[in-house]
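# A look at the structure
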Amino acid sequence: MSEEMTPVSLEGAEKDSENLLVVKNLKKYFPIKSSFFKMTVGNVKAVDGVSFAIKKGTTMGLVGESGCGKSTTGRTILRLQEKTEGEVYFDGQDIFKLSKEELRKLRPRIQIIFQDPYSSLSPRLPVGEIIAEAVREHGIVPKEELDDYVTRVMEACGLQEWHKNRYPHEFSGGQRQRICIARALALNPDFILCDEPVSALDVSIQAQIINLLRDLQKQFGLTYLFISHDLSVVEHISDTVGVMYLGNMVEYAETDKIYSKPLHPYTVALFSAIPVPDPDYKMNRIVLQGNIPSPANPPEGCKFHTRCEKCMEICKSMAPEMREVEPGHFCACHLYDDPEELKKFGKESESR
Amino acid sequence: MADNKEKKEEKKSSYISAKESRKITKFNRKVTKRLEADRANAKKDPSLYKTHMKDDKNVVEFDNVCTYFFTDVGVVKAVDGITFNIPKCSTVGVVGESGCGKSVTSLSLMQLLQRPSGQTVGGEIRFNLGDGNAYNIVNTPTSKMQEIRGNKVSMIFQEPMTSLNPVFKIGMQVNEVLELHHPEMSKEEIRNRTLEMLEMVGIANKEGVYEMYPHELSGGMRQRVMIAIALACSPELIIADEPTTALDVTIQAQILDLLSELKDKINSSIMLITHDLGVVASMADYVVVMYAGRVIEKGTADDIFHHPAHPYTIGLMKSKPVVGKKVDELYNIEGNVPNPVDMPDYCYFRDRCEMQCERCKAKKDGAGADYPPEIKISDTHFVSCYRFFDEGEVLGYPKTVNAEELLK
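Residues numbered from 1 in each chain as written. Chains lettered and ligands numbered in written order. Predicted model: local features only at pLDDT ≥ 70, side-chain atom pairs only at ≥ 80, totals over all residues. Heavy atoms only, no water.

With that out of the way, let us pick up the overall build of chain A. The helix and strand inventory of chain A stands at 11 helices and 12 strands. Compactness check: chain A gives a C-alpha radius of gyration of 22 Å against a globular reference of 20 Å for 352 residues, within 12% of the reference. Overall, chain A is about 80 × 55 × 45 Å in size when its C-alpha atoms are taken along their principal axes. Within chain A, the proportion of its 352 residues that are buried is 54%. Restricting to contacts in chain A with at least 6 residues of sequence separation, those with at least 24 account for 64%. (Helix = DSSP H or I, 4+ residues; strand = E, 2+ residues; numbered from the N terminus. Rg over C-alpha atoms; globule rule 2.2 N^0.38 Å. Buried < 20%, exposed > 50% of the residue type's maximum accessible area, 1.4 Å probe, protein only. Contact = heavy atoms within 4.5 Å.)

What follows is the structure, encoded as structure tokens:
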């Protein structure tokens, strides 16, 4: 099962120097302990077999409802927590096989921007120090040049030099997010994980931050993994998009393809639920009934079948595989299975 | 050198000496004491809060409402002279960035402001009681307010996670509203009504949920319970303060559908407060755009979305990425909202505006340009911008209150 979940094209993808990040069949389970004896009685399958590859200099968007494992995927890729199964290759190296020393050397190249700019900055450090701290620690620039370097980074992110001696509480949300971006950028990274960087901001500030991220990408050739639940933002910034549902990736394709012709019923419903700022827009949204099931006890077969409009008999017992339905467009759904195989399955279940 | 100067100026504006600080505190104490005393007097004299609607077709009329907060750094004019109406059986969307006074407007209407520092110091909020009678909410005493709150006006809060009481069962929390406002109902009737409400908001397992605690429900389910509580007494106005911000897109679609369906069922109006233009477009009949405590534009949804007039509204529309619309670079409005303690005396948006005209800077009586008046550009469309000064009908400047004068 696990091997089949890997899209065909990922075979040996880590050796391709074009791919900066390759994730293969990543799993992360959180054990549920019983109250007595601390025995493991079950697992919350937060991430259950996710595979994708990101090319250098591109942006991949990761979308899904809350609790579907987007952020856990991101954190596990950065090895902020250990994996349960699977492999993550960054620039050809398996991140989980690195020693502590080696990992430390790799850290400056992989950076993260968090969701909440209010809680991710230390309130006791001035902005200049927040940015300079890691630069000094990793010895990116000589001591005497550090001050100039920090100024340059701050200017690239739209901050002024005199902001250096001020504290985070003196800034607005958008400015703080700029500080977070400057902190990540100061280490000269190749890859930045953006974990919902704009969802805590107002619309007009959101646009500023998104434009900044795109400008920086052009300027420094950065690669982003952009996690968000705002589908319009993801469409704007990403080159490829992966849609997650309950720990699995259900669809993966280039942005244009997935937005013009979504294949998976979940993606279709998700896109139709986006509110459009036009009062004349005819509402033909597909309203999904019910809630996302608990990841501790996911439904059998296709995890989406409990809420799916096009649910078939086969969906209830067999999990679909990730297939290349159209060139470059991957989807895990029985709707796109070979019709003959479906017939075969129908006969089998009848005879049973 | 220039940097240093900027630094100094920056420092000046945010710095308060101990002497100034004491002065502010003393002033605040005096003002709030005075206002509280006025409120106590209103209890004895019904003529102070009984009034008449200007138009009987409205549920609520906001008329130059000013809500100020007397804080330690000075008077924050959170809402400063706003005027708009909520007609019967319609949805009014209030849009704006955080800190623009959307929520304070709704809290003023419910009299839920954090007193004594937060006070509605001027204007009238007229609430329609039917038969030509109305209350001016600003002066209404608490005892009368309690009859209105939850019964005639109810509120759905932003975070369903924190607005339900974790130690009471869902059933009890819905019952409570009914027990308070309908003392004549028997226990059995109340229980049946609660179950009916839970069913109405789309909870399939109503008997089970009746006995559950809030932590056993998901975010979407809790928001449904909140709606059930809000609708229990069939209110005339529902204030939905960012009802879907904490929810996922798919759940958001469920809740929005539910709200518009229920609105028609019980014939009430909705005041929908949100910063999501998409949500407003799909729900609202009328839209009010707020910026820095003032209404800058109002009109029907069609006016606002198809013919936005104020530069801020236009900017807001352009800065939102829309699915299916490819743009290379998103438009962004430069700069920030002005400091609420020290508002400029000209148009609040002038420093960020790209469409300034001569009139924005022109001096009327030598003292510098005033805040633009409200201008009527069509029967339903009103905007506060000098660009339309010569085209439309000028209706008048927002009436505000000088904090110093409150003591006289």
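What chain B contains, in helices and strands, is 14 helices and 14 strands. For chain B, the C-alpha radius of gyration of 23 Å lies close to 22 Å, the compact-globule estimate for 408 residues. Taken along its principal axes, the extent of the C-alpha atoms in chain B is 75 × 60 × 45 Å. In chain B, 68% of the contacts between residues at least 6 apart in sequence involve partners at least 24 apart. Summed over its atoms, the accessible surface of chain B is roughly 19400 Å², and 49% of this surface lies on carbon and sulfur atoms. Averaged over its 52 positive side-chain charges, chain B has a centre that lies 7 Å from the centre of its 58 negative ones. (Areas by Shrake-Rupley, 256 points an atom, 1.4 Å probe, with all protein chains shown as cover. Lys, Arg positive; Asp, Glu negative; His and termini not counted. Charge placed at Lys NZ, Arg CZ, Asp CG, Glu CD.)

Before going further, it helps to spend a moment on the domain arrangement of chain B. When the parts of a complex come together, some accessible area is lost, and that lost area is often used as the size of the interface. Residue and element names in this part refer to chain B. Each assigned domain of chain B is listed with its residue range as follows: domain 1 (39–297) and domain 2 (325–407). In this complex, domain 1 contributes 20 residues to the contact, which on the side of domain 2 involves 20 residues. With both chains or domains summed, domain 1 and domain 2 bury close to 1800 Å², and 57% of this area falls on carbon and sulfur atoms. Area buried by domain 1 at its contact with domain 2 is led by Tyr291, Arg294 and Glu297, which between them contribute 33% of it. Where domain 1 packs against domain 2, one counts zero salt bridges. On the surface where domain 1 and domain 2 come into contact, there are five residue pairs in polar contact (both at pLDDT 80 or more). In terms of residues, the side of domain 1 that touches domain 2 owes the most to one element, strand β3 (residues 74–87), which gives six residues. Looking at the side of domain 1 that touches domain 2, its residues break down into 11 nonpolar, four polar and five charged. (Domains from an automatic or database assignment. Buried area = accessible area lost by both parts, 1.4 Å probe. Salt bridge = Lys/Arg side-chain N within 4 Å of Asp/Glu carboxyl O. Polar contact = N/O pair within 3.5 Å; in protein donor to acceptor, adjacent residues only side chain to side chain. Nonpolar A, V, L, I, M, F, W, Y, C, P; charged D, E, K, R; others polar.)

Once that is clear, we can look at the environment of Met197(B). Residues and elements named next belong to chain B. Here Met197 is to be found in helix α7 (residues 187–200). By relative accessible area, which is 0% here, Met197 ends up buried. For Met197, the contacting residues outside a window of four places in its chain are Ala228, Leu231 and Ala232.

Ranked by size, the top nonpolar core spans 66 residues in total, and within it Ile113(A), Ile181(A), Leu213(A), Leu216(A), Val243(A) and Tyr266(A) carry the most contacts. At seven residues, helix α7 (residues 203–220) of chain A tops the list of elements feeding residues into this core. Beyond its immediate sequence surroundings of up to four residues, Tyr266(A) is in contact with Gly64(A), Glu65(A), Val243(A), Met244(A), Tyr245(A), Val250(A), Leu288(A) and Phe304(A). Formed by 39 residues, the second largest nonpolar core is a distinct cluster that contains Leu195(B), Ile203(B), Val225(B) and Ala230(B). (Core = buried A, V, L, I, M, F, W, Y, C linked by side-chain atoms within 4.5 Å.)

Residues and elements named next belong to chain A. Direction of pairing for strand β11 (residues 323–326) relative to strand β12 (residues 329–331): antiparallel, over a ladder of three bridges. Paired with Glu326 across the two strands is His329, which belongs to β12. The antiparallel pairing of β11 with β12 creates a hairpin that spans two residues between the two strands, and Gly328 there sits at a positive phi of about 75°. (Pairing = 2+ DSSP bridges.)

Moving on, we get to the sheet that holds β11(A). Residues and elements named next belong to chain A. Taken together, eight strands build an open sheet; the order of strands is β6-β7-β8-β3-β9-β10-β12-β11 and the sheet is mixed. Two strands bound the open sheet, and with one partner strand each, they are β6 (110–113) and β11. The average angle at which neighbouring strand axes cross in this sheet is 20°, direction not considered. For strand β3 (residues 59–63) and strand β8 (residues 223–227), the ladder comprises four bridges, and the chain directions are parallel. Looking across to β8, one finds that Thr59 is bridged to Tyr224. Against the sheet, helix α2 (residues 70–77) touches β3, β7 (191–195), β8 and β9 (240–245), its axis set at about 150° to β8. Most of the contacts of α7 go to β8, to which it runs at about 155°, and overall it touches β3, β6 and β8. (Axes fitted to C-alpha atoms, helices over the stretch in contact; angles between N-to-C directions.)

Moving on, we get to helix α2 (residues 18–42) of chain B. Residue and element names in this part refer to chain B. For α2, with 25 residues, the first-to-last C-alpha span of 36 Å sits near the 36 Å given by 1.5 Å per residue. Inspection of α2 places Ile24, Phe27, Asn28, Val31, Thr32, Leu35, Arg39 and Ala42 among the buried residues, and these make up the whole buried set. Contacts made by the buried residues of α2 are with β2 (58–71), β3 and β5 (118–130). (Expected span 1.5 Å × (residues − 1).)

Turning our attention to the interface of chain B and chain A. Each partner contributes to the interface: chain B provides 48 residues, whereas chain A provides 42 residues. Contact between chain B and chain A buries roughly 3900 Å² in total, counting both sides, with carbon and sulfur atoms accounting for 55%. Summed over the three residues of chain B that lose the most area to chain A, namely Val249(B), Thr250(B) and Val323(B), the buried surface amounts to 14% of that side. For the pair chain B and chain A, the interface holds five residue pairs in polar contact (both at pLDDT 80 or more). Contributions of two or more residues to the side of chain B that touches chain A are made by α1 (2–14), α10 (249–266), α11 (277–283), α12 (301–306) and α13 (311–319) of chain B. When residues in the side of chain B that touches chain A are grouped by element, the largest group, eight residues, is from α10(B). Residues of the side of chain B that touches chain A, tallied by class, amount to 18 nonpolar, 14 polar and 16 charged.

Counted according to the given criterion, the structure contains 13 aromatic pairs over all chains. Ring centres of Tyr245(A) and Phe304(A) lie 5.0 Å apart, and the angle between their planes is 85°; on these two criteria the pair is classed as edge-to-face. Of the two residues, Tyr245(A) is situated in strand β9 and Phe304(A) in the loop between α10 (265–272) and β11; the sequence distance between them amounts to 59 residues. For the pair Tyr245(A) and Phe304(A), one class covers both residues: buried. When the centroid spacing of 5.4 Å and the interplanar angle of 75° are considered together, the rings of Tyr312(B) and Phe349(B) count as edge-to-face. Of this pair, Tyr312(B) sits in helix α13 while Phe349(B) sits in the loop between α13 and α14 (358–361), and the two are 37 residues apart along the sequence. A relative accessible area of 4% means that Phe349(B) is categorised as buried. (Phe/Tyr/Trp six-rings, centres within 6.5 Å; stacked < 30°, edge-to-face > 60°.)

The next thing to look at is the side chain of Asp276(B). Mapped onto the elements of the fold, Asp276(B) is located in the loop between β9 (269–274) and α11. Of the polar contacts made by the side chain of Asp276(B), one reaches the backbone nitrogen of Gly278(B); its length is 2.9 Å. Those residues in contact with Asp276(B) that sit more than four places away from it in its chain are Pro275(A), Gln252(B) and Lys320(B).

This next bit is on unusual backbone geometry. All names here are of chain B. With an omega dihedral of 0°, the bond running from Arg115 to Pro116 counts as a cis peptide bond. Note that Pro116 resides in the loop between α3 (102–110) and β5. Positive phi, normally seen in glycine, also occurs at Ser234, with a value near 45°. Of note, Ser234 is situated in the loop between α9 (219–231) and β8 (237–241). Judged by relative accessible area, which is 37%, Ser234 ranks as partly exposed.

Scanning all chains against the criterion turns up 28 salt bridges over all chains. With its nearest N and O atoms 2.6 Å apart, the salt bridge here joins Arg109(A) to Asp190(A). Remark: Asp190(A) occurs in the loop between α6 (173–185) and β7 and Arg109(A) occurs in the loop between α3 (100–106) and β6; sequence separation between them is 81 residues. Residue Arg109(A) is classed as partly exposed on the basis of its relative accessible area, which comes to 25%. For the salt bridge of Glu129(A) with Arg136(A), the shortest nitrogen-to-oxygen distance reads 3.2 Å. Taking relative accessible area as the criterion, Glu129(A) reaches 25% and is therefore assigned partly exposed. One continuous salt-bridge network, built from bridges that share partners, spans Lys54(B), Glu61(B), Asp63(B), Glu124(B) and Arg126(B).

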